[in-house]
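Descriptive analysis of the structure
Listed below, chain by chain, are the residues.
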Amino acid sequence: MENKETINSILNIVKYDLYFTGTQINYYFVCKRKLWFFSHNMELESESDVVLLGKLLHEQSYKSKRMKEVTIERIKIDFIDRAEEIHEVKRSRKMEDAHLYQLLYYLYFIKHYTGKVMRGVIDYPLLRKRANIELDEGKEKEIQNILQDISRIVNTDKPPEEEWKKYCKACAYRELCWC
Ligand code: SF4
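Quick caveat: nothing in here was measured; it's all calculated off a predicted structure.

The rules behind these values
- Residues numbered from 1 in each chain as written.
- Predicted model: local features only at pLDDT ≥ 70, side-chain atom pairs only at ≥ 80, totals over all residues.
- Axes fitted to C-alpha atoms, helices over the stretch in contact; angles between N-to-C directions.
- Helix = DSSP H or I, 4+ residues; strand = E, 2+ residues; numbered from the N terminus.
- Parallel < 35°, antiparallel > 145°, perpendicular 65-115°, else oblique.
- Left-handed = near helix turned anticlockwise from the far one by under 90°.
- Contact = placed C-beta atoms within 7 Å.
- Nonpolar A, V, L, I, M, F, W, Y, C, P; charged D, E, K, R; others polar.
- Near = placed C-beta within 6 Å.
- Expected span 1.5 Å × (residues − 1).
- Buried ≥ 20, exposed ≤ 12 C-beta atoms within 10 Å, placed from the backbone.
- Arc of directions from axis to C-beta.

**What to know about the packing of helix H2 (residues 22–30) against helix H5 (residues 96–114)**
Closest axis-to-axis distance for the H2/H5 pair is 8 Å, and the angle between their directions is 150°. As judged from the angle between their axes, H2 and H5 are roughly antiparallel. Both H2 and H5 take part in a crossing whose hand is right-handed. Facing Gly22, Ile25, Asn26, Phe29 and Val30 of H2, the residues of H5 in contact are Asp97, Ala98, Tyr101, Gln102, Tyr105 and Tyr106. Among the residues making up the contact of H2 with H5, the classes are represented as seven nonpolar, three polar and one charged.

So, in structure tokens, the structure goes:
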């Protein structure tokens, strides 16, 4: 029985491990209903002013970096510095957990996909701040649990119920929730 549970848990990790995008990890922390919409091909975010502002910031910041917008399978990294540091550029610290776990997932993805252990940095150019991030054993376990929970959410037939939060005012999906 114990062996069966161990095998199931390994199969779960393999199945859900590197399947998701950074945006899905980010939305898991912002709003699980939004995660569901996005994961069911309802991608409204490109129309949002907030997203356009974010894209502009990415284009204008760190122009000199040569390895910008690096895509590895399902993840897209803002830039890689000194071949061992991956960077995410963010506008503000309002969604700090979402930023943190998105970057941790990138570190996790790269470690399991390529075998390379890298460091992470979240850059806040408008605030002139940066946060250094490392993937330790505890964070790796947390990422695995998050991936399994994301899988559970996106595999349900209906989205989670709407729940009002400050962020709803700026959300591209607000008309699906509050009209
Ligand atoms: S409007 Fe609010 S509840 Fe609806 S998806 Fe956006 S953040 Fe979630």
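**Examining the site of the ligand**
Taken together, Cys31, Arg33, Lys34, Glu162, Glu163, Lys165, Tyr167, Cys168, Cys171, Tyr173, Arg174 and Cys177 make up all the residues around the ligand. Partitioning the shell around the ligand into residue classes produces six nonpolar, no polar and six charged.

**Concerning helix H6 (residues 137–154)**
When the terminal C-alpha atoms of H6 are compared, their 26 Å separation across 18 residues agrees well with the 26 Å that a helix rising 1.5 Å per residue should span. Taken as a whole, H6 has its buried residues at Ile143, Ile146, Leu147 and Ile150. For H6, the angular spread of buried residues about the axis comes to 105°, placing them on one side. Exposed residues pointing more than 90 degrees away from the buried face of H6 are listed as Glu137, Gly138, Lys141, Asn145 and Arg152.

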